[in-house]
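# Coordinates in review
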Amino acid sequence: MSAVTTAETAAETIEVADSVAEVSRVFFEKGWSAGLPIIPPTEDAVRQMLRFTDRERDDVVAVLAPRYGEATMEKIAVNAVMAGCLPEYLPVLVAVVEALSHPKLNLSQILTSTHGCSPLVMVGGPLVKELGLNFGYHTTGEGLRSVATIGRAVSLIAWNIAGLPGRTNVDTFGAITRYHHVFAENEDQSPWEPLHVERGAAPESSAVTVFGAEPAHHVDDMGSTTAQGMLTTLAHTLPGAGTRHFQEFGQPVIVLGPQHARIVANGGYSKKDVKRFIYDHARLPASRHSRENFEKVCQVTAPKWYCNLAPDALIPIAESQDDIVVVVSGGAGSHSLFIPQQVYVRSVTQVVARKDGTPIRSVKDLVR
């Protein structure tokens, strides 16, 4: 069996015994599989994957830190095949790769820090339903080929093109989310505009937003019936002396379940109002930090004003309310999520588009 690899600057073809198990063994031994079995990236499978792009096989979509590997269309396709993606998922992966390369995202920080984070992909727009991405019950869980394989493809792209763990990855604990970290906005049940529209994209377009995120923290409130009550529970759940957002500012992500979002919106709160409430109330008394940690934070990472605080001063979760990200996802139930991000990272939203930048309305338009 001939398999295409992404081991070097240019993809290469190797001959392997005609067995899926043998291909997986070889790829594992070469350090190309991230530990799980793979779908063999045969020449035919890669060619079929590339039917869903208007780019050429050797087009460089992006250069990915920290190894500064060239993410060509061929390499993206190879990793997509290995992950088990259907060919129609390729346009989403291309947009993810473009977002991963944006300087604001700081991919090198995500992949090389001791802080256990990983790229988290959120998809919004019409392609969510066309591709069968999950935005309702079990939105961040297993069970759907689309989210599972797109998530794994992102992991393999980071592994094989951006940098190899053991050489660049020094996470103290790592993050299980590096195997699968994809979800979609629940636009059907959101009372507000989706994130990509909030950030300037056309409502009829589809887009990916990539975060440098920790695993999600659960927020449960089954009793509040008012916006203020619900948001009070949320705001008081977030502060913690060990949460990085209270040691240096970043871009915290709030994922409201539809039930919580409805309560908040019915109380007359816009998305901007939610951000303002969280900014005003999700605060940590400076005295909650140990003296030693506070002094170290001041020496290494904190802004200057932070180090002159009185013990009873209240530290906000973000430098500005505009740094707080609010989206809606998930199914029914009294639950929401808090997702901390890397503090040196800013999320990036990228429209799923053709090579010339024209938004892709349907992946069927790309088949060649």
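Everything that follows concerns the structure shown earlier in this document.
Report follows, based on the coordinates. (Residues numbered from 1 in each chain as written. Predicted model: local features only at pLDDT ≥ 70, side-chain atom pairs only at ≥ 80, totals over all residues. Heavy atoms only, no water.)

### Regarding helix α10 (residues 258–266)
All of the buried residues along α10 are P258, H260, A261, I263 and V264. Each element contacted by the buried residues of α10 is listed here: β8 (217–220), α9 (227–237), β9 (253–256), α11 (271–281), β12 (325–328) and β13 (335–339). (Buried < 20%, exposed > 50% of the residue type's maximum accessible area, 1.4 Å probe, protein only. Helix = DSSP H or I, 4+ residues; strand = E, 2+ residues; numbered from the N terminus. Contact = heavy atoms within 4.5 Å.)

### Regarding the packing of α9 against α11
One way to put it is that α9 packs onto α11 with a least axis distance of 9 Å and a crossing angle of 50°. Our classification of the angle between α9 and α11 gives oblique. The way α9 lies across α11 gives a crossing that is right-handed. Residues Q228, L231, T232, L234, A235 and H236 of α9 lie in contact with α11, whose contacting residues are V274, F277, I278 and H281. (Axes fitted to C-alpha atoms, helices over the stretch in contact; angles between N-to-C directions. Parallel < 35°, antiparallel > 145°, perpendicular 65-115°, else oblique. Left-handed = near helix turned anticlockwise from the far one by under 90°.)

### Description of the packing of aromatic side chains
Each aromatic ring pair is characterised by the separation of its centres together with the angle its planes make. The full count for this structure, using the stated rule, is two aromatic pairs. With a centroid separation of 5.1 Å and 80° between ring planes, the pair formed by F27 and W32 is classed as edge-to-face. No difference in accessibility class separates F27 from W32, as the two residues are buried. Note on Y269 and F277: the rings are 6.4 Å apart at their centroids and 70° apart in plane angle, and the pair reads as edge-to-face. Here F277 falls in the buried class, since its relative accessible area comes to 7%. The ring centre of Y279 lies 4.8 Å from the NZ or CZ of R283, which sits over that ring. (Phe/Tyr/Trp six-rings, centres within 6.5 Å; stacked < 30°, edge-to-face > 60°. Lys NZ or Arg CZ within 6 Å of the ring centre and 35° of its normal.)

### Quick notes on the sheet that holds β9
If you trace the four strands from one edge of the open sheet to the other, you get β8-β13-β9-β12, paired in mixed fashion. Pairing within the sheet leaves two strands with one partner each, and these edge strands are β8 and β12. Adjacent strand axes in the sheet meet at a mean angle of 25° when their direction is disregarded. In terms of strand pairing, β8 meets β13 through four bridges, oriented antiparallel. Paired with H217 across the bridge in β13 is F338. Packed on one face of the sheet, α9 meets β8, β9 and β13 and runs near 150° to β8. (Pairing = 2+ DSSP bridges.)

### A short note on the sheet that holds strand β5 (residues 118–124)
With respect to topology, four strands assemble into an open sheet ordered β6-β5-β7-β14, the strand pairing being mixed. Edge strands, defined here as strands with exactly one partner in the open sheet, are β6 (182–184) and β14 (348–351). Pairs of neighbouring strands in the sheet enclose a mean axial angle of 25°, with direction left out of account. Strand direction decides the pairing type here: strand β7 (residues 207–213) and β14, joined by four bridges, are antiparallel. Its bridge partner lying in β14, A207 is registered against V351.

### Let's talk about unusual backbone geometry
At the junction of A65 and P66, the peptide bond is cis and its omega measures out at 10° in the coordinates. Tracing the backbone shows P66 in the loop between β3 (60–64) and β4 (69–72). Phi at A34 is positive, roughly 60°, even though this residue is not glycine. Mapped onto the elements of the fold, A34 is located in the loop between α1 (20–30) and α2 (43–49). Overall, A34 belongs to the buried group, its relative accessible area being 9%. Notably, N106 is not glycine yet its phi reads approximately 60°, a positive angle. Its place among the elements puts N106 in the loop between α4 (90–100) and α5 (107–112). Residue class for N106 comes out partly exposed when judged on its relative accessible area of 27%.

In short, shape yes, function no, at least from these values alone.
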